[in-house]
Amino acid sequence: MIKAILIFNNHGKPRLSKFYEHYSEDTEQQIIRETFHLVSKRDENVCNFLEGGMLIGGSDNKLIYRHYATLYFVFCVDSSESELGILDLIQVFVETLDKCFENVCELDLIFHVDKVHHILSEMVMGGMVLETNMNEIITHVDAQNKMEKSEVRAASEARVLSIIILI
Amino acid sequence: MALKIVKGSIDRMFDKNLQDLVRGIRNHKEDEAKYISTCIDEIKQELKQDNIAVKANAVCKLTYLQMLGYDVSWAAFNIVEVMSSSKFTYKVSCSQLQLQSVDAVLITTIINSVSLPLVTQDLSSPNQYDTGVALTGLSCFVTPDLARDLASDIMTLMSHTKPYIRKKAVLIMYKVFLKYPESLRPAFPRLKEKLEDPDPGVQSAAVNVICELARRNPKNYLSLAPLFFKLMTSSTNNWVLIKIIKLFGALTPLEPRLGKKLIEPLTNLIHRALDLLYGMVSKKNLMEIVKKLMLHVDKAEGTTYRDELLTKIIDICSQSNYQYITNFEWYISILVELTRLEGTRHGHLIASQMLDVAIRVKAIRVFAVAQMATLLDNGHLLTGNMQRNGICEVLYAAAWICGEFSEHLEDPMQTLEAMLRPKVATLPGHIQAVYVQNAAKLFATVLRKQEGTTDSLAAQETSQLLIDRLPLFVQSANLEVQERASCILQLVKYIQKLQQKEVEVAEEVTALFAGELNPVAPKAQKKVPVPDGLDLDAWINEPPSESESEDEKPKAIFTKEEPKHTRPRHTEVDEKELARRREARKQEQANNPFYIKTSPSSQKVYQDQPGVEHIPVVQIDLSVPLKVPGMPMSDQYLKLEEERRQKERSERKKKEKKKKREKHGRGRRADSGPESEEDITPAHHVDIVTEEMPEVCWVLLQWPLTDNEKLPVRTHRPAEAVKSPVEAGNGESATPEPKKKKEKKKDKERKVDLSSLTVYLTLFFSHIVYDVQGNLQDGSQVVVSVIFENKTDHFLKSMEFNVLDSLNSKLQRPEGSSPHDGLAVPFQLPPGVSNEARFVFSVQSIVMPQKLKGTLTFIVKTEDASTHEKLDFKLHFTCTSYLITTPCYSDAYAKLLESGELKSSSLKLEGVIMPFHHLLARICFHHHFSVVERIDSCASMYSRSIQGHHVCLLVKTVSTQRVPCLEWMSSILESTR
């Protein structure tokens, strides 16, 4: 099971956090901080897996991370997941983001955190991996975006109409 | 009331959305907390409104605030409320929130009272995404009650027609099982069924769930083992494979028989992993990787796997002429450590490596000789009580190295003694032969030392030792040993006689073995130039006359000579014969340590010896660990190497610091960043023999692999080769051809899309040019011909062309394939070759320009590996792609214009500087028009769409400004037919 997925930047600012287990808001923030401290002091050339911090549940848990430019992508998982599998999953996640945002950068994640959540929810559901095929993920994300757009358009047209009529 | 709604709507327009909130927070860096608290107040206000859209927006913002660590549990009720709205958009935002933060009592009441009917309603919605979102949301807040109430609904969804729903339903079942364990038994058969679902996504979801379940209670899932076994051998999804292997890890302790079955597929996987290792070593990580492998070797059970590891270690180390080895002392000690392996079949491989390194790396000889002497000294440990052990092959190398480079020996006398122990007689014959021969070499060295010290008695004793021990070998059953031993025995006896007469013999004995044995490349002979005036084809003697019969042939004295030796050079030799000769020559060279072997043959070195391979390998039963005393551990080199690099690095750092201080304090790029390959200087300067070779035979000894000398500075060639086309590709695609750019600009001005049809896309590995053409036969189809050009140096194969269909345009696929399947390109591409493939698209509307995204997947075959690559591209379908060049006569054209059925529009283009006829040619070529009539700088043109619409075009140049003016008439909008 995946326990949490965290994205933060080089300074430890969270850009996305998704917990699949229940923690209080305070603990969540502490976990993010702790994870950042564990991950950020590691060299670029060392292993991408490490033991999880105390807060998230100690040594039965693993942190698997990748560092891309300004962002750290960290998955906290329990012992049932394979490190390499998760590493691959991170790659799929980032590639998908890259496709959806066209050259994704930190700002995309800042301003469109909701979209990132949507994409993530097509990959991981309730801590379980839902889909690992990028094309499949993108197809569904696109289809839902289209649906949303058409709804929004319809809603705004209706609103404008109602205002005009009423005035 | 109405006014209130209006007010609400207008307010809504000024509400902050998520982007505004984020921007606001970024703008209030100093008083962030204060800003957020005002935002939260606003959100509270928004949640109080009736308008669901406002609420949804508020919830969306709450999600973000929750991530920043703000408590949002107070809004739980509203969240569920929005969740239950009928609009998809609103629901999506809610499913992201983590509702568990709401206390349990509240959530139970809320969900049971408010949302249960709504969630259920969503679960059966006709839209797959509505259901999907409901399931995603549910995964965040399943409670025992909810699980109980929804279990049967979700079970039904597990057999939904859409795989998207199926996989989500399967996954969520796990959550349901956790909260409501009673549901497991009834749901299990269906879950099992999903393991064989036709959709890979559903399959992988089912595997995920079962793996999680099995982790808790593996016993219950033993019955699924055969099914998983089948999946493991058939699935190509890495994720699924990894999961299944993990699962088997949990199952095998319960069912030992499973272990046996798994060996084959798992070793296959391990082999694949080992193959990967081969490609990923560098100078920097080689020691680390080999250390890890050595650990596995120690732990490995079963000789086959261990032998596999052993060959891999040697393969990895020796690849590209020891390119990655920086410290040969380390390598020698690794080889020596490998000799401790019991019952390995690869003794000869280790031996050939030892020989190879000792001969070719001069600097290492002192060390190697010392190591080999210890090996010889402890030879009895290697051979154990039986001579069949494959590892004793290393003694062959050890003896040869000690003999040949005996001047480096610390105590040659001791080694000589070790070589002549009676136990040696139990070794295989070919090894004994080497022992005897090299004992003689050692003898020479010892003599020289002893005579130097004027201790003639000691020298005589040495001779006596040989005379005492050699008869054992003279009696050997092996002819080679016998011959050498008796020869040397007589020699020593003679020497002893001379010694008794107090004649100094050391000089002359040493002369027997004078000169260095240099390695010769297998193809070296070819490099010897034919001296002037020597005609190899000319007959030396008169050619034998035809009438010469067999009896005139010179008779061989001992054995019948093979005819090939006597055949004159010019006679035609058939291929078979040539191959046989080549084989024989190779065999001969392989047995000769002075030949540098072409890599694979090194394994066959002793092939002709009475089959070491065929002898059944028996495990040695030894209670004492096989540790050769006094041997250095390779680990210490690893440490040393690290220290050395550390030192180098710090030195370099110092230098760099002196040079310039980094502008930014945080820039750690130069300091702790990964070292590049070139930075690592080898500890041993490898002294390759080429430089030292005597001048006379320099041609002969042309090292075939001279870049060896450059070993320390060698760069990453294969990586570069891969990289550069990427860079080139990127570069080119970033700056599209000027022509294309211009055309595009023109299109914009014209409003009507008349874009170029041929767009050049220079891409990753290959160069793709495509052209879109209407299909004459079918009004709803266009044919895209794509030219694939392979610009790389590698072979491309298994190309698959796939395009993401849009509503308007679809790639025509063979019947029965799904809309996501790619089409195989019917050819392969050798480097530099281009070929054309055609793809048919069906189109609905032809008045709409289109961009289709697609990918091309292919396999790049390099010499020793092949990688799967993919390439994304876009296909532009412009409106003129749907036109077909059709000639039209001027009278028909005039009629058409008169008919009044055409709509018209016109526009002016500025900045077109090309000559008028070029412009016309271009329009004709790229946009499929034909010229009907041309008068000076005015032309009327005609074309027809694939659906039969007429398109008339008038192109004029307004002479004063030199601006062409286009008049565009078309029937497309009117649909005359």
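Parameters and conventions
- Residues numbered from 1 in each chain as written.
- Chains lettered and ligands numbered in written order.
- Predicted model: local features only at pLDDT ≥ 70, side-chain atom pairs only at ≥ 80, totals over all residues.
- Heavy atoms only, no water.
- Pairing = 2+ DSSP bridges.
- Helix = DSSP H or I, 4+ residues; strand = E, 2+ residues; numbered from the N terminus.
- Salt bridge = Lys/Arg side-chain N within 4 Å of Asp/Glu carboxyl O.
- Buried < 20%, exposed > 50% of the residue type's maximum accessible area, 1.4 Å probe, protein only.
- Phe/Tyr/Trp six-rings, centres within 6.5 Å; stacked < 30°, edge-to-face > 60°.
- pLDDT = per-residue confidence, 0-100.
- Contact = heavy atoms within 4.5 Å.
- Core = buried A, V, L, I, M, F, W, Y, C linked by side-chain atoms within 4.5 Å.
- Expected span 1.5 Å × (residues − 1).
- Polar contact = N/O pair within 3.5 Å; in protein donor to acceptor, adjacent residues only side chain to side chain.
- Axes fitted to C-alpha atoms, helices over the stretch in contact; angles between N-to-C directions.
- Parallel < 35°, antiparallel > 145°, perpendicular 65-115°, else oblique.
- Left-handed = near helix turned anticlockwise from the far one by under 90°.
- Nonpolar A, V, L, I, M, F, W, Y, C, P; charged D, E, K, R; others polar.
- Lys, Arg positive; Asp, Glu negative; His and termini not counted.
- Patch = residues over 30% accessible without salt bridge, like charges linked within 9 Å, V, L, I, M, F, W, Y side chains within 5 Å.
- Areas by Shrake-Rupley, 256 points an atom, 1.4 Å probe, with all protein chains shown as cover.
- Charge placed at Lys NZ, Arg CZ, Asp CG, Glu CD.

Asker: Teacher, can you tell me more about the sheet that holds strand β9 (residues 866-877) of chain B here?
Answerer: Two modes of strand pairing occur in sheets, parallel and antiparallel, and in both the strands are linked by backbone hydrogen bonds. All names here are of chain B. Spatially, β6-β4-β8-β9 is the arrangement adopted by the four strands of the open sheet, whose pairing is antiparallel. Lying at the two open borders of the sheet, with one neighbouring strand each, are β6 (823-824) and β9. In the sheet, strand β8 (residues 850-861) pairs with β9 via 12 bridges, with the strands oriented antiparallel. Residue pairing across strands places G854 opposite F873, the latter belonging to β9.

Asker: Just checking my understanding: could you explain the pattern of salt bridges for this structure?
Answerer: Where charged atoms from two side chains of opposite charge approach closely, those side chains can pair. Residue and element names in this part refer to chain B. Under the defined criterion, the tally for this structure stands at 20 salt bridges over all chains. R360 serves as the salt-bridge partner of D356, at 3.4 Å between the closest nitrogen and oxygen. Of the two residues, D356 and R360 both sit in helix α19 (residues 347-360), four residues apart, roughly one turn of that helix. A salt bridge links E417 to R469; the shortest N-O distance between them is 3.6 Å. Taken together, the residues E417 in helix α23 (residues 412-419) and R469 in helix α25 (residues 456-474) connect sequence positions 52 residues apart. The exposure class of R469 is partly exposed, given its relative accessible area of 23%.

Asker: It is not clear to me how the packing of aromatic side chains should be interpreted in this structure. Could you clarify?
Answerer: To describe a pair of aromatic rings, you give the distance between the ring centres and the angle between the ring planes. Taken as a whole, this structure holds 13 aromatic pairs over all chains when the rule is applied. Consider the rings of F19(A) and Y23(A), whose centres lie 5.7 Å apart with planes at 70°: the pair is edge-to-face. Note on accessibility: F19(A) and Y23(A) belong to one class, buried. Ring geometry for W330(B) versus Y331(B): centroids 6.4 Å apart, planes at 35°, classification tilted. Grouping residues by exposure puts W330(B) and Y331(B) together as buried.

Asker: When you look at the confidence of the model for chain B in this model, what are you seeing that I'm missing?
Answerer: Fine structural detail should not be taken from predicted coordinates in areas where pLDDT scores are low. All names here are of chain B. Per-residue pLDDT for chain B has a mean of 71; in total, 68% of the residues score no lower than 70. Segment residues 98-106 is flagged for pLDDT under 50; beyond a separation of four residues in sequence, or across chains, it makes 21 contacts in the model. Confidence over residues 599-632 falls short of pLDDT 50; this stretch has 49 contacts with residues more than four positions distant or in other chains. This prediction of the complex comes with two scores: 0.49 for pTM and 0.90 for ipTM.

Asker: What should I look at first to understand unusual backbone geometry in this one?
Answerer: Leaving glycine aside, a negative phi is the common case for residues, and trans is the common case for peptide bonds. One non-glycine residue, E102(A), adopts positive backbone phi at about 55°. Taking relative accessible area as the criterion, E102(A) reaches 52% and is therefore assigned exposed. Non-glycine residue N321(B) carries a positive phi angle of around 55°. Among the structural elements, N321(B) can be located in helix α17 (residues 303-322).

Asker: Explain the pairing of strand β4 (residues 61-68) of chain A here, please?
Answerer: For a regular strand, side-chain orientation follows a simple rule: the groups alternate between the two sheet faces. All names here are of chain A. When strand β3 (residues 49-51) meets β4, the two strands line up antiparallel, connected through three bridges. Along β4, the bridge assignment pairs L50 with L63. Taken together, the eight bridges between β4 and strand β5 (residues 71-78) define a ladder with antiparallel strand orientation. Considered in β5, the bridge of N61 is made with D78. Between β4 and β5, which pair antiparallel and follow one another directly, the connecting turn spans two residues, one of which, A69, has a positive phi of 45°.

Asker: How should the nonpolar core be read in this particular structure?
Answerer: Considering soluble globular proteins, one finds that nonpolar side chains tend to be buried as a cluster. All names here are of chain B. Core analysis: the biggest nonpolar cluster contains 93 residues, and W330, Y331, L338 and M354 have the highest contact counts within it. Here this core takes 12 residues from helix α24 (residues 429-452), the largest share from any one element. Within the second largest apolar cluster, 58 residues are counted, among which are A187, A206, L231 and L241.

Asker: Quick question: what am I supposed to make of helix α14 (residues 238-251) of chain B here?
Answerer: When the terminal C-alpha atoms of α14(B) are compared, their 20 Å separation across 14 residues agrees well with the 20 Å that a helix rising 1.5 Å per residue should span. Among all positions of α14(B), only W239(B), V240(B), L241(B), K243(B), I244(B), L247(B), F248(B) and L251(B) are buried. Residues of α14(B) that are buried in the fold lie against α2 (83-101) and β7 (128-129) of chain A together with α12 (200-216), α13 (225-234) and α15 (256-280) of chain B. The N-terminus of α14(B) is capped by N237(B), whose side-chain oxygen sits 2.9 Å from the backbone nitrogen of W239(B).

Asker: Please explain the packing of helix α20 (residues 365-377) of chain B against helix α22 (residues 393-404) of chain B as it appears in this structure.
Answerer: Working note: a packed helix pair is described by the angle between its axes plus the distance between those axes. All names here are of chain B. Orientation of α20 relative to α22, taken along the N-to-C sense of each, is 125°, at an axis distance of 9 Å. The pairing of α20 with α22 is recorded here as oblique in orientation. For the pair α20 and α22, the sense of crossing is left-handed. Contact residues: α20 offers V369, M372, A373, L375 and L376, while α22 offers L395, A398, A399, I401 and C402. Among the residues making up the contact of α20 with α22, the classes are represented as 10 nonpolar, no polar and no charged.

Asker: Help me understand α20(B), please; the structure alone is not making it clear to me.
Answerer: What sets the pattern is the α-helix's 3.6 residues per turn: residues three or four places apart point alike. Look at α20(B): 18 Å from first C-alpha to last across 13 residues, which is about the 18 Å you get at 1.5 Å a residue. When we look at burial in α20(B), the residues that qualify are R365(B), F367(B), A368(B), V369(B), Q371(B), M372(B), A373(B), L375(B) and L376(B).

Asker: Please clarify how the side chain of D108(A) should be interpreted in this entry.
Answerer: All names here are of chain A. Its place among the elements puts D108 in helix α3 (residues 106-111). Here D108 occupies a buried position and makes no salt bridge, while the nearest side chain of opposite charge, K115, is found at 8.1 Å. Excluding residues within four positions of it along the chain, D108 makes contact with F101, N103 and V113.

Asker: For this particular structure, what's the right way to read a positive patch on the surface?
Answerer: Residues and elements named next belong to chain B. On the surface, a cluster of positive charge is contributed by K523, K526, K527, R582, R585 and K586. Within the secondary structure, K527 sits in the loop between α27 (506-512) and α28 (563-566). Among the residues examined, K527 registers a relative accessible area of 41% and is labelled partly exposed.

Asker: I keep staring at the sheet that holds strand β1 (residues 2-9) of chain A and nothing clicks. Help me out?
Answerer: All names here are of chain A. The sheet built from five strands is open, its strands ordered β2-β1-β5-β4-β3 with antiparallel pairing. Of all the strands in the sheet, just β2 (14-19) and β3 have a single pairing partner and so form its edges. Mean inter-strand twist for the sheet, computed between neighbouring axes without regard to direction, equals 20°. Taken strand by strand, α2 contacts β1, β3, β4 and β5, and its axis lies near 35° from that of β4.

Asker: How should the interface of chain B and chain A be read in this particular structure?
Answerer: Often, the extent of an interface is quoted as the loss of accessible area upon association of its parts. Taken together, the contacts link 63 residues of chain B with 59 residues of chain A. Applying the counting criterion to the chain B and chain A interface returns four salt bridges. Across the salt bridge formed by E81(A) and K243(B), the nearest N and O atoms sit 3.0 Å from each other. Along the contact surface separating chain B from chain A lie 14 residue pairs in polar contact (both at pLDDT 80 or more). The residue makeup of the side of chain B that touches chain A, split by class, is 24 nonpolar, 19 polar and 20 charged.

Asker: What is the right way to read the environment of L470(B) from this model?
Answerer: Residues and elements named next belong to chain B. Tracing the backbone shows L470 in helix α25. Residue classification places L470 among the buried positions, given a relative accessible area of 1%. Residues L470 and L489 lie 19 residues apart in sequence; the distance between their C-alpha atoms is 6.3 Å.

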